[in-house]
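Geometric and topological summary
So you can see what is in the structure, the chains are spelled out below.
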Amino acid sequence: MSYMRGLKCRECGRLYPKEVVFVCEYCFGSVEVDYDYDAIRRTFTKASLATRPPSLWRYRELLPIEGEPTVGLTSGFTPFFRAHRLAEALGVKELYIKDDSVSHPTLSFKDRVVSVALTRAKELGFDTVACASTGNLANSVSAHAAKAGLQRFIFIPADLEMGKIIASLIYKPTLVAVEGTYDDVNRLCAEIGSKYPWAFVNINIRPYYAEGSKTYGYEIAEQMGWRAPQHIVIPAAGGSLITKINKAFKELKQLGFIQDAGTKLYCAQATGCAPIVNTIQAQSDIVKPVKPNTIAKSLAIGNPADGYYATKAVLGSGGWAESASDEEIIEAMKLLAETEGVFTETAGGVTLAAAKKLIESGRIPREESLVICITGNGLKTQEPLLAQLKIKTRIKPTLASFESTLGEQLAGLATRAR
Ligand SMILES: *Cc1c(COP(=O)(O)O)cnc(C)c1O
């Protein structure tokens, strides 16, 4: 059963069949999936959801597939929790973390978009999938395509972190490292995609792929007890996640699942690659491309495909944007680990550092509910921490060596074993 009516141009509203269409041939706007919400209302109810397995596919009616899901059956429904110790450190009252750094097969929120994109690619008859990636998408497409038995071509900038490269290669894709930035890789892939009949998940089947990000928003609302937060800080690379969390809350309101909480959206980027933050802070609608230079490589897109829509969503919600320097990113990664036991990658450091600045500047009021979106795992981006996190205590395997080395730290501690 399909709840998808077709595709619709985001600019002029022209309708297209649910095939491989990604730009409007009349106005060159991008297209998005159009659903039959009356049909959705009949089966998508709080009662029916209660009996469904905890994966992103529990929101099946609101996802762009026609048959049953076939890829990423265990992706999604990641942890969501109240962060008391971090709240205290930041001086806020009601803070939550949505943690996509764990539970997913490849440990980032990209498993959401890829599960949807590959299920749809199979429905559309593709036997080869591909992507242009800043790292996490490469991991996710490689893994899910391997399991689905699809051919896989993965294009990345050659200077990615080792963790991201190994976590792609292990799934045996054809991995192509391109000497250039992500934006060079993406431009090349658009060219390759116009010649070879492959499903480039974030290019020619992007309208389907992008819908997978909505599940991040649905889960937050469901895990809050069918409520939306007053404030939510979201990292941006291409800007798709922000626009889709916004769409998710709008759909849930329309379907009567949540009240309008007037949720304000905030965009987080690294100072070394902040085209969307710059646009929002200038209250403009023209996104000026930049040349990335940041340790947050997963967010290093200088010419973001959805920058315009992300800006519109953020400013339309009454939210704002903030960027974080490399030092601030590392400090925030450490703070999150030390207070909440979450080891996030550099992108998570960007999000937390931006949230901290938004709180300190008074943009986010300390008394209101706030969600911070953690989207990737720190084990994949260890390089920036190597110089900072060193073993400080090294001993011989004797009690005497232990006590003499730790000396001061042990002084005054009780010595009777329990
Ligand atoms: C891709 C990515 C994002 C941002 O996604 P967009 O939808 O392109 O804005 C955020 N965090 C991580 C870890 C990512 O890999």
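Right above here is the structure, for reference.
Note on numbering: residues in each chain are counted from 1, in written sequence order. Owing to the predicted nature of the model, reporting of local features is limited to residues with pLDDT of at least 70; listing and counting of side-chain atom pairs is limited to 80 or more, with chain, interface and lining totals taken over all residues. For side-chain calculations, the full set of non-hydrogen atoms in the structure is used, while hydrogens and water are omitted.

Our focus in this paragraph is the side chain of Arg120. Each helix is a run of H or I in the DSSP string that is no shorter than four residues. Each strand is a run of E no shorter than two, and both are numbered from the N terminus. Positionally, Arg120 belongs in helix 4 (residues 110-123). By the criterion applied in these results, polar contacts are pairs of N or O atoms within 3.5 Å in which, for protein atoms, one can donate a hydrogen and the other can accept it, and in which residues neighboring in sequence qualify only through two side-chain atoms. A polar side-chain atom of Arg120 sits 2.8 Å from the main-chain carbonyl oxygen of Lys18.

This paragraph deals with the sheet that holds strand 7 (residues 151-157). Where strands meet in a sheet, backbone hydrogen bonds hold them as pairs that are either parallel or antiparallel. Note on pairing: DSSP must find at least two bridges between two strands before they are called paired. One open sheet accounts for 4 strands, arranged 8-7-6-9; its pairing is parallel. Every interior strand has two partners, whereas the edge strands, strand 8 (174-178) and strand 9 (199-200), have only one. With 5 bridges joining them, strand 6 (residues 128-132) and strand 7 adopt parallel strand pairing. Within strand 7, the position partnered with Cys131 by the bridge is Ile154. Should any heavy atoms of two residues lie within 4.5 Å, those residues are counted as being in contact. Every angle, taken between N-to-C directions, lies between 0 and 180 degrees, and every axis is a line fitted to C-alpha atoms, over only the stretch in contact when it is a helix. The sheet contacts of helix 5 (residues 136-148) involve strand 6 and strand 7, and relative to strand 7 the element is tilted by about 170 degrees.

On to the site of the ligand, then. For this description, a residue counts as near a given molecule or strand if any of its non-hydrogen atoms is within 4 Å of it. In the vicinity of the ligand lie 16 residues, with Lys110, Gly238, Gly239, Leu241 and Thr375 positioned nearest. Measuring from an oxygen atom of the ligand, one finds a backbone N or O atom of Ala237 at 2.9 Å. For the ligand, an oxygen atom lies 2.8 Å from a polar atom in the backbone of Leu241. When the ligand is considered free in solution it has 390 Å² of accessible area, and contact with the protein chains removes 96% of it. The Shrake-Rupley method, run with a 1.4 Å probe sphere, supplies the accessible areas, and residue values consider only the shown protein chains as cover.

Another aspect to go through is helix 10 (residues 240-254). Expected span of a helix, by definition, is 1.5 Å for each gap between consecutive residues, and there is one gap fewer than residues. Relative to the 21 Å expected for 15 residues at 1.5 Å per residue, helix 10 spans 21 Å between its end C-alpha atoms, a close match to the ideal helical length. Working definition: with a 1.4 Å probe on protein chains only, accessible area under 20% of the residue-type maximum means buried, over 50% means exposed, and in between means partly exposed. For helix 10, the tally of buried residues reaches 12 of 15 residues, placing the bulk of the element in the interior. Taken residue by residue, helix 10 has Ser240, Leu241, Ile242, Thr243, Lys244, Ile245, Asn246, Lys247, Ala248, Phe249, Glu251 and Leu252 as its buried positions. Once helix 10 ends, the next one or two residues include Gly256, with phi positive near 80 degrees.

This part covers the packing of helix 4 against helix 5. Two elements in contact, helix 4 and helix 5, have axes separated by 9 Å at closest approach and are oriented at 40 degrees. By the angle between their axes, helix 4 is oblique relative to helix 5. For helix 4 against helix 5, the interelement crossing comes out right-handed. Two secondary-structure elements touch here, helix 4 through Lys110, Asp111, Val114, Ser115, Leu118 and Lys122 and helix 5 through Asn136, Leu137, Ser140, Val141, His144, Ala145 and Ala148. Oblique is the label for any angle not under 35 degrees, not over 145, and not in the 65 to 115 range, which are roughly parallel, roughly antiparallel and roughly perpendicular in turn. Each crossing gets its handedness from the near helix: less than a right angle anticlockwise from the far helix is left-handed, clockwise is right-handed.

What makes a salt bridge here is a side-chain nitrogen of Lys or Arg within 4 Å of a carboxyl oxygen of Asp or Glu, nothing more. Evaluation of the coordinates by the stated rule reveals 26 salt bridges. A salt bridge links Lys334 to Glu331; its shortest N-O distance comes to 3.7 Å. Of the two residues, Lys334 and Glu331 both sit in helix 13 (residues 326-340), 3 residues apart, roughly one turn of that helix. Judged by relative accessible area, Glu331 falls into the partly exposed class, the value being 46%. What emerges from the salt-bridge pattern is a single network uniting Glu32, Glu211, Lys214, Lys244, Lys247 and Glu251.

Here the focus is the side chain of Thr215. Within the secondary structure, Thr215 sits in helix 9 (residues 214-223). Overall, the relative accessible area of 0% leaves Thr215 in the buried class. A distance of 2.8 Å separates a polar side-chain atom of Thr215 from the backbone oxygen of Gly212. For Thr215, the residues in contact, after removing those within four places along its chain, are Leu56, Tyr59, Leu63 and Arg112.

A few words on unusual backbone geometry. In this structure, Phe28 takes a positive phi of about 65 degrees despite not being glycine. Even without being a glycine, Leu107 presents a positive backbone phi close to 60 degrees. Here Leu107 shows up in the loop between strand 5 (94-99) and helix 4. In this structure Leu107 comes out as partly exposed when scored by relative accessible area, which is 28%.

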